[in-house]
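One-letter residues, chain by chain:
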Amino acid sequence: MPEAPTNSPKANNFIVAEENKKTLHFIEEVTTKADEVQKRVLAEILSRNSNVEYLKRYGNLNGNTDRETFKKVMPVITYEDIQHEINRIASGDKSPIFCSQPVSEFLTSSGTSGGERKLMPTTEEELGRRSLLYSLLMPVMSHFVPDLETGKGMYFLFVKSESKTPGGLLARPVLTSYYKSPHFKNRRPDPYTNYTSPNEAILCPDSYQSMYSQMLCGLSQNAQVLRVGAVFASGFIRAIRFLEKHWSLLCSDIRSGIMNTELITDSSVREAVMKILKPDPDLADFIEAECSKKSWQGIITRLWPNTKYVDVIVTGTMSQYIPTLDYYSNGLPLVCTMYASSECYFGVNLNPLCKPEDVAYTLIPTMCYFEFLPIYRNNGVMDSISAPKSLNEKEKQMLVDLVDVKIGEEYELVVTTYAGLYRYRVGDVLRVAGFKNNAPQFNFICRKNVVLSIDSDKTDEVELQNAMKNAVSHLMPFDAHVTEYTSYADTTTIPGHYVLFWEINVNGSTPVHPSVFEDCCLTIEESLNSVYRQGRASDKSIGPLEIRIVEVGTFDKLMDYAISVGASINQYKTPRCVKFAPIIELLNSRVMSKYFSPKCPKWTPGHKQWNNMN
């Protein structure tokens, strides 16, 4: 990782201040001229891609690049609408299907289609656009927290496995693509990207060696650390739990100044870490004393005393980790800096020290062309105006532009990108919190239809129901069946794990053996999507799935409780996922037995359907 520039502090501070000023001016300008910028972005996308197959098929644009014509002729789509074309590109078709520029790789989405990760085609140019958004983050942060350029950031960053399509293109997560790109590896010296972890540790494919070496470097430079973080809250908590398990080994390395070669076999990682690691018995004693204490409350501020904030995503499903982060950090500010996805990078948080529940992202108008599909709620239940497939003409007309959204209203995000997605429904539900000049600021509400999530996994109700159907077949020989069930994401364990509450009826004379319930656990896991299975089998970011058998009548009690707090008896149906603490307490109070998946589900990189592609 590049070190901070070596020029004098006074000169360096001046340069940093000037760069920050330019960045803040850019944000001010594009948010003030938001509609004008959006018109230009759409015109650029349509003009440069005017001859691609997709626009010719649907467009009839006849050279027009105005949004009125665009909205009239172009359909609003989901991934399934373009999956055939994406499979063609994956198979090796190099013709300009979506974009005039060649597809450089696929970015694998954490969302799934048919149980497999979605593949988002991207171009080399998009790396520069993503880098631009990253360049906005620290100038904004420095406006609120001074002197960040004088120290280092301890960030736990990791690459994930990648694969190749039958046509030879790489398919990998967006962050893995970025970390392996020249934009990240060869970035110019910048005090804001002066991290404790060397590139070699971040790029190490072995997650254990990567975590160990990054933690060792972070501890060795503890006095210089001014900010800590990871991408997701769940990832940062895993790092702290890793420290809980391995602090003794880490202290030994710090005391001697020699890295444990039995644990770290990657020579490039050892070489990079040894440039940082120096014998420091006093620091080792200090860390050992702190980690030996019974309570780990405030461990972040105890070990890294100059830390000013924790930089992690805590919006959406990650909000479930806020209490744990507060415990470990002694209530340091939890900062969410940016909003992005595999489809496109979208915006930044211009008020980063706000409370997690108030986080609002300002969409940067230069990133893509934005539209918004209104969301309506009936009795508090989300109900989009549309079916999952393409919208009809009337529904298409209800989409609104970036500057026309209304404060307090909820919308589904629809994007048209430089890389060739046109009127694509991302699936994120956003609420308008306010405006920065003429650009709206959004609270992230949720991912549509997701009921369970621990890390980057997203499991919806249909998928869970199908997994249940596969699992309960193990009960048939015992003349037993599940009468009701619900689920929740248990994040009190690290890593977190899925919990299913089952109420069962056994008519047979032979009791159901514990191993049968364990088989049910594994069958559910085998039936879930590839993102979940990767989290279990490869990333170790999700723990074994658990089934808790509850007393007969438990779900009647659950209904009674729901009605007592205002639910309609005529409209009540058992929720397939629960989050409300009193309901979870009620369910747990009636648990008779617990069972866990005995092993990890099968998972391999790549899509299973690639084996059948020509």
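What counts, and at which threshold
- Residues numbered from 1 in each chain as written.
- Predicted model: local features only at pLDDT ≥ 70, side-chain atom pairs only at ≥ 80, totals over all residues.
- Heavy atoms only, no water.
- UniProt positions renumbered as here; feature names shortened; annotations may be inferred.
- Helix = DSSP H or I, 4+ residues; strand = E, 2+ residues; numbered from the N terminus.
- Rg over C-alpha atoms; globule rule 2.2 N^0.38 Å.
- Areas by Shrake-Rupley, 256 points an atom, 1.4 Å probe, with all protein chains shown as cover.
- Lys, Arg positive; Asp, Glu negative; His and termini not counted.
- Charge placed at Lys NZ, Arg CZ, Asp CG, Glu CD.
- Pairing = 2+ DSSP bridges.
- Axes fitted to C-alpha atoms, helices over the stretch in contact; angles between N-to-C directions.
- Contact = heavy atoms within 4.5 Å.
- 1 Å grid on protein atoms, 1.4 Å probe; cavity = no way out; pocket = protein on both sides within 12 Å on 5 of 7 lines; lining within 4 Å.
- Points joined across faces, edges and corners; volume = space filled by probe spheres on them.
- Nonpolar A, V, L, I, M, F, W, Y, C, P; charged D, E, K, R; others polar.

The protein chain has the name Indole-3-acetic acid-amido synthetase GH3.6 in an unreviewed UniProt entry, where Solanum commersonii is given as its organism. UniProt, in its Sequence similarities (unreviewed entry) section for the protein chain, records the words "Belongs to the IAA-amido conjugating enzyme family."

Our focus in this paragraph is the overall build of the protein chain. The secondary structure content of the protein chain amounts to 21 helices and 23 strands. For a compact globule of 614 residues, the expected C-alpha radius of gyration is about 25 Å, and the protein chain comes in at 25 Å, within 12% of that figure. In terms of its C-alpha atoms, the protein chain occupies a principal-axis envelope of roughly 80 × 75 × 50 Å. Accessible surface, the protein chain as shown: approximately 25,900 Å² in total, 52% of it carbon and sulfur. In the protein chain, the 65 positive side-chain charges and the 70 negative ones have mean positions that sit 2 Å from each other.

Pairing within the open sheet is mixed, and its 4 strands lie in the order 20-21-22-23. Whereas interior strands pair on both sides, the edge strands pair on one side only; in this sheet they are strand 20 (480-490) and strand 23 (591-596). With direction set aside, neighbouring strand axes in the sheet form an average angle of 25 degrees. With 4 bridges joining them, strand 21 (residues 497-506) and strand 22 (residues 546-550) adopt parallel strand pairing. For Val-499, the partnering residue across the bridge sits in strand 22 and is Glu-546. Packed on one face of the sheet, helix 17 (residues 461-471) meets strand 20 and strand 21 and runs near 135 degrees to strand 20.

This paragraph deals with the layout of surface pockets. Each pocket or cavity is described by its volume, and for the second largest pocket that value is around 220 Å³. In terms of lining, the second largest pocket is formed by 15 residues, of which the most central are Ile-89, Asp-93, Lys-94, Pro-102 and Val-103. Here the residues of the lining of the second largest pocket sort into 8 nonpolar, 5 polar and 2 charged.

Sheet analysis places strand 9 (residues 338-340) next to strand 10 (residues 345-348), joined by 3 bridges and oriented antiparallel. Pairing of Ala-340 across the sheet is with Tyr-345, part of strand 10. The hairpin turn running from strand 9 into strand 10, its antiparallel successor, is 4 residues long. Where strand 10 and strand 11 (residues 361-363) come together, 2 bridges link them in antiparallel fashion. Considered in strand 11, the bridge of Gly-347 is made with Leu-363.

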